[in-house]
Amino acid sequence: MSETQSRGALFRIRRQPALILFALFVLIAAAAGTTIALSDNTSPADSARTVSVDPLITKVAQQRQQLERVPGNAAGWAELGAAYVELARITGDPENYGEAQRALDRSIEIEPEGNAEALFGLGVLANALHDFTAARTYGEQALALRPESADVYGVLVDAYTQLGDADAATAAVQRMLDLRPGVPSFTRAAYDLELHGRTEDARAALEMALGAANTADQIAFARYHLGELAFNSGQLDEAEVQYKAGLPANPESAALLQGTAKIAAARGDSARAIDLYTQLTEIAPLPEYLIEFGELLESAGRPGEAAGKYREVAAQQAELAAQGATEYLDAALLAADHGDPNEAVRLAQLEYDRRQSILTADGLAWSLHKAGRNEEALGYADQAATLGWRSATLAYHRGMILAALGRSDQAADTLSEALRINPYFSPLHSPRLQQTLDSLNRR
């Protein structure tokens with residue numbers, strides 16, 4: 001078997017559905033003609049920003065100058081649109097999404113038929129705005145024009161997974177591996193394997209991604225996710241090794257700085273963690289980083305400062321909505337933990353009605369729990385557990401719901417499992433988990 005065949009076979013072992021949003025850095029790079037690292041989730045995904053903003057700003061300026069000279073260049077407008085999407089994701093400035101939309105629309109106006117580059121860019125933009133139905137449509141249209149494009153399959157993976165179309169997502173990941181085994185496809189395979197509890201296989205896939213990396217950003221990206229895999233398994237020393245190993249490749253990586261900050265928080269060095277998160281949110285004021293910072297401040301007994309971070313996130317979410325973002329899950333979780341639980345339920349239900357993934361099921365379960373509707377919450381928490389993902393956060397949510405229902409033995413088992421997975425998953429919620437578990441064990 002050749003090396004390429006063996007890489008593809010990694011994912012074929014017990015092929016299972018993928019249910020996570022993988023970030024779109026490498027896809028944007030393909031459209032924009034730049035080399036940048038693929039990222040995750042997530043949310044999700046969207047967590048690993050490893051690209052310096054200065055080269056991208058320069059590229060946008062150069063592209064606009066070229067289009068002033070040749071305004072009828074449809075491919076150039078598509079390239080500009082993709083660059084604006086990436087700029088929005090790095091800087092957190094949602095106005096760049098509007099610029100991306102205008103550039104991509106202009107490309108379609110110039111070349112309304114057979115414009116695969118613009119359709120691809122519109123798919124990337126739709127995924128970034130969490131309009132996954134539109135992203136699926138654009139991706140499928142682009143695929144009809146470019147059936148052998150691994151990058152287009154990447155757009156479809158992101159859309160299918162978030163829409164809950166697990167079989168289609170799995171097929172798209174496998175097709176990416178078949179077409180172009182490399183950093184994007186190995187990374188997607190790694191996430192899928194991790195989500196199904198196959199941590200060692202996921203690590204092997206990420207090692208393949210590291211071996212395939214041929215740019216500094218890709219190396220930093222692979223190291224970051226190897227660090228994340230270790231951190232999410234409670235292996236702080238290994239996580240620190242991986243984060244540090246990525247820094248020589250990209251000393252300016254916000255993602256690697258975030259990893260280092262999480263390590264400090266997990267080891268109880270709140271002062272250092274706060275200093276690192278201050279630096280991080282100054283250079284990358286992204287919602288997930290601000291929420292992490294807020295929860296760290298709250299755990300350190302500084303609720304007023306924490307509330308300020310949450311307000312910043314709420315303001316960003318309002319700006320994103322003004323630019324056409326239609327995703328409510330992050331807003332629901334923010335409201336559940338730091339705002340109005342009833343509003344959290346409303347938002348989580350809206351998102352779940354659009355797409356039934358394990359992430360939306362978990363978000364709705366947690367929102368219902370915080371609103372005191374635990375009987376309803378448990379069904380969604382059970383749904384979120386169906387894939388076997390070894391996530392301390394999901395286990396914590398389910399365990400707290402079981403505890404609220406008076407199912408003490410099951411709650412204790414589930415909360416204990418969360419601690420076995422990763423006792424450091426949150427500086428705010430880990431202590432709450434331990435307090436609840438201690439109370440259950442005294443009964």
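In this text the structure is predicted, and so the values were computed from the model without any measurement. (Residues numbered from 1 in each chain as written. Predicted model: local features only at pLDDT ≥ 70, side-chain atom pairs only at ≥ 80, totals over all residues. Heavy atoms only, no water.)

As a packed pair, helix 15 (residues 270-283) and helix 16 (residues 287-299) sit with axes 10 Å apart at the nearest point and diverge in direction by 155°. As judged from the angle between their axes, helix 15 and helix 16 are roughly antiparallel. In this structure, helix 15 meets helix 16 at a crossing whose hand is left-handed. Seen from helix 15, the contacting residues are Ala273, Ile274, Tyr277, Thr278, Leu280 and Thr281; seen from helix 16, they are Tyr289, Leu290, Glu292, Phe293, Leu296 and Leu297. In the contact of helix 15 with helix 16, the residues fall into 9 nonpolar, 2 polar and 1 charged. (Axes fitted to C-alpha atoms, helices over the stretch in contact; angles between N-to-C directions. Helix = DSSP H or I, 4+ residues; strand = E, 2+ residues; numbered from the N terminus. Parallel < 35°, antiparallel > 145°, perpendicular 65-115°, else oblique. Left-handed = near helix turned anticlockwise from the far one by under 90°. Contact = heavy atoms within 4.5 Å. Nonpolar A, V, L, I, M, F, W, Y, C, P; charged D, E, K, R; others polar.)

This brings us to the pattern of salt bridges. Summed over all chains, the structure comprises 23 salt bridges. Residue Arg146 is joined to Glu117 by a salt bridge in which the shortest nitrogen-to-oxygen separation is 3.3 Å. Of this pair, Arg146 sits in the loop between helix 7 (132-145) and helix 8 (150-163) while Glu117 sits in helix 6 (residues 116-128), and the two are 29 residues apart along the sequence. Owing to a relative accessible area of 37%, Arg146 belongs among the partly exposed residues under this scheme. For Glu117, a relative accessible area of 36% translates into the label partly exposed. (Salt bridge = Lys/Arg side-chain N within 4 Å of Asp/Glu carboxyl O. Buried < 20%, exposed > 50% of the residue type's maximum accessible area, 1.4 Å probe, protein only.)

Taken together, the buried positions of helix 13 (residues 236-246) are Leu236, Ala239, Gln242, Tyr243 and Gly246. The arc that holds the buried residues of helix 13, viewed along the axis, is 130°, so those residues lie on one side. Exposed positions of helix 13 whose direction lies more than 90 degrees from the buried face are Asp237 and Lys244. Buried residues along helix 13 sit against helix 12 (216-232) and helix 14 (254-266). (Arc of directions from axis to C-beta.)

Another point: the nonpolar core. With 37 residues, the main nonpolar core has Leu80, Val85, Tyr97 and Leu125 as its most contacted residues. If you list the elements that add at least two residues to this core, you get helix 3 (53-69), helix 4 (74-91), helix 5 (95-110), helix 6, helix 7, helix 8 and helix 9 (166-179). The element that contributes the greatest number of residues to this core is helix 4, accounting for 9 residues. With residues up to four places along the chain from it excluded, the contact list for Leu80 reads Val60, Gln63, Arg64, Leu67 and Ala103. (Core = buried A, V, L, I, M, F, W, Y, C linked by side-chain atoms within 4.5 Å.)

A few words now on unusual backbone geometry. Positive phi, close to 65°, is recorded for His130, a residue that is not glycine. Of note, His130 is situated in the loop between helix 6 and helix 7. Given a relative accessible area of 12%, His130 falls into the buried group.

Our next topic: the side chain of Lys309. Relative to the helices and strands, Lys309 resides in helix 17 (residues 303-322). Excluding residues that lie within four positions of it along the chain, Lys309 makes contacts with Leu290, Phe293, Gly294 and Leu297.

Let us look at the environment of Ala220. Its location among the elements puts Ala220 in helix 12. Overall, Ala220 belongs to the buried group, its relative accessible area being 0%. In sequence terms Ala220 and Gly246 are 26 residues apart; their C-alpha atoms lie 4.3 Å from each other. Other than its neighbours up to four places away in sequence, Ala220 contacts Gly246, Ala249, Asn250 and Leu256.

This brings us to the environment of Arg302. With respect to the helices, strands and loops of the structure, Arg302 is situated in the loop between helix 16 and helix 17. Those residues in contact with Arg302 that lie beyond four places of it in its chain are Ile274 and Leu297. Here the side chain of Arg302 touches Glu305 through a polar contact of 2.7 Å, side chain to side chain. (Polar contact = N/O pair within 3.5 Å; in protein donor to acceptor, adjacent residues only side chain to side chain.)

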